[in-house]
Amino acid sequence: MYQNEASLRHELETQIQNRIEFTRALVHELKTPLTPIMAASDTLSSGLKQEPWLNLAQNINKGALNLNKRIDELLDLARGEIGVLQIKKIPIDCIELSSDIIQYVDAKVRKANLRLVFEHDDKTIFIEADPDRLRQVLLNLLSNAIKYTPEPGLIKLRCFRTLTDVVFQIIDSGIGISSSDRAYLFEPYHRLERDRERFDGMGLGLALSKRFVELHGGKIWVENANEHGSIFTFTIPILISVKPVYLKPSLKNKGKLYETVVN
C-alpha cells in the first residue's frame, strides 16, 4: 500500500509539473507574437482618424489587450501552483485605492445603466498590501457585479474595519448564485453554465482573486443577499506595523457610513 501510494503521488506530481511547464511554454509562445500586435494596433488607433479604419484598429487593439490579460492570468495561475507567486506589500490607503477603482469602472457602470454606491466607515483606512493585486481583486469582483446586474440595478462597494481585518464587500442586485455553483465558484476554469455563451474569459478571475487574498492572509467567500443578488466578501488582516496617520472620527460621526454615489 505504501509503494502504491508513493507511486500515485509521484505520478500526480509529474502530471502537475508537466502542466506547469506546458502553461509556461504556452504563455511564452503567445506573448512573443502578441507584443508587436499590441504596439502596432495602439499606434494605429492613435494615428488614424477616418472610419472604418479607426474602428478596425481599435477592435484589434482591444482584442489584443484582452488576450494579453488572459495570458497573464494563466501565468499567475501557473506561478501559484508551484508556489512562486509573490506579493509586494506596502502601506496603502484602502479608501483612496477603492475610489480610484470606482472612477475606473465609472464608464462601464454608466453604459450598463446601473448605480454604484461606495460606503466606508472612515475617511482613511491603512493596511499593508500589494496594491496591484488588491486592485485586481476589486476590479474582478466589480466587473462581475456589473456583468450580472440587470438595469437599472444597484451595486455597493463597502469598506470597513474590524479589530483584526479590513473588510471589503461587493453587493449587487443581480440574479444570485445557486448553492451548487457557489461550491465551485473559486475553482480554476469554472464557469456558470448560463454564462458559457454570454461572456468571454476562461473562468480564472475568481480563482486568482482567492489566491491573491489568501497570499495576504485573508479570506474570501460569497453568499446570496436576502432578497436577490450576491454578496462577495473578502478580508485583509491589519498588521500592527502599519501606523495610520488619519484623524480619529468624532464621537458624533462614530460608526457613520460615508457614502459616495456614482451615476
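All chains use their own residue numbering, which begins from 1 and follows the written sequence. With the structure being a predicted model, the display of local features is reserved for residues of pLDDT at least 70 and the display and counting of side-chain atom pairs for 80 or more, all residues being used for whole-chain, interface and lining totals. For the side-chain quantities, the full set of heavy atoms in the structure was used; hydrogens and water were omitted.

1. Digging into the nonpolar core
Right, on to step 1. Of all hydrophobic cores here, the largest spans 49 residues; its most connected members are Leu134, Phe168, Ile170 and Phe234.
Right, on to step 2. Residue contacts are counted whenever heavy atoms from the two residues lie within 4.5 Å of one another. Beyond its immediate chain neighbours, meaning those up to four positions away, Leu134 contacts Ile92, Leu97, Ile127, Ala129, Phe168, Phe234 and Ile236. Take the buried residues of types Ala, Val, Leu, Ile, Met, Phe, Trp, Tyr and Cys, join any two whose side-chain atoms come within 4.5 Å, and each joined set is a nonpolar core. Only protein chains enter the accessibility calculation, which uses a 1.4 Å probe; a residue is then buried when its area is under 20% of its type maximum, exposed when over 50%, and partly exposed in between.

2. Focus on the pairing of strand 7 (residues 230–237)
Right, on to step 1. Numbered from the N terminus, helices here are DSSP runs of H or I no shorter than four residues, and strands are runs of E no shorter than two. Judged by how many residues are buried, strand 7 sits mostly within the fold: eight of eight residues are covered.
Right, on to step 2. Here strand 7 shows a buried face lined by Ser230, Phe232, Phe234 and Ile236 and a second buried face lined by Ile231, Thr233, Thr235 and Pro237.
Right, on to step 3. At least two bridges found by DSSP between two strands are what make those strands a pair. Bridge count between strand 5 (residues 165–172) and strand 7: seven bridges; the pairing is antiparallel. Its bridge partner lying in strand 7, Phe168 is registered against Phe234.
Right, on to step 4. Inspection of the sheet shows strand 6 (residues 220–224) paired to strand 7 by five bridges, in the antiparallel sense. The residue of strand 7 that forms the bridge with Val222 is Phe232.

3. Focus: the pattern of salt bridges
Right, on to step 1. We define a salt bridge as a contact between a side-chain nitrogen of Lys or Arg and a carboxyl oxygen of Asp or Glu at a distance within 4 Å. The full count for this structure, using the stated rule, is six salt bridges.
Right, on to step 2. Via salt bridges that share partners, Glu119, Lys156 and Arg158 belong to a single interconnected network.

4. Thoughts on the packing of aromatic side chains
Right, on to step 1. Here the aromatic set is Phe, Tyr and Trp, taking the six-membered ring for Trp, and pairing holds for ring centres within 6.5 Å; pairs whose planes are under 30 degrees apart are stacked, those over 60 apart are edge-to-face, and all others are tilted. In this structure the tally under the stated criterion is two aromatic pairs.
Right, on to step 2. Ring geometry for Phe168 versus Phe234: centroids 4.8 Å apart, planes at 15 degrees, classification stacked. Taken together, the residues Phe168 in strand 5 and Phe234 in strand 7 connect sequence positions 66 residues apart. Note on accessibility: Phe168 and Phe234 belong to one class, buried.
Right, on to step 3. Considering the side-chain rings of Phe186 and Phe232, the 6.4 Å spacing of their centres and the 75 degrees angle between planes classify their relative orientation as edge-to-face. Placement of the pair is Phe186 in the loop between helix 5 (179–182) and helix 6 (205–215) and Phe232 in strand 7, with a sequence separation of 46 residues.

5. Quick look at the packing of helix 3 (residues 94–111) against helix 4 (residues 131–148)
Right, on to step 1. In the contact formed by helix 3 and helix 4, the axes pass within 10 Å of each other and the chain directions differ by 35 degrees. As for how helix 3 packs across helix 4, the hand of that crossing is right-handed. Residues Leu97, Ser98, Ile101, Tyr104, Val105, Lys108 and Val109 of helix 3 form the contact with helix 4, whose own contacting residues are Pro131, Leu134, Arg135, Leu138, Leu139, Leu142, Ser143 and Ile146.
Right, on to step 2. Polarity classes work like this: nonpolar for Ala, Val, Leu, Ile, Met, Phe, Trp, Tyr, Cys and Pro, charged for Asp, Glu, Lys and Arg, and polar for all others, with Gly in that last group. Considered class by class, the residues forming the contact of helix 3 with helix 4 number 11 nonpolar, two polar and two charged. All axes are obtained by fitting lines to C-alpha atoms, using only the stretch in contact for helices, and the reported angles, taken between N-to-C directions, cover 0 to 180 degrees. Each helix crossing is assigned a hand: it is left-handed if the near helix lies turned anticlockwise from the far helix by less than a right angle, otherwise right-handed if that turn is clockwise.

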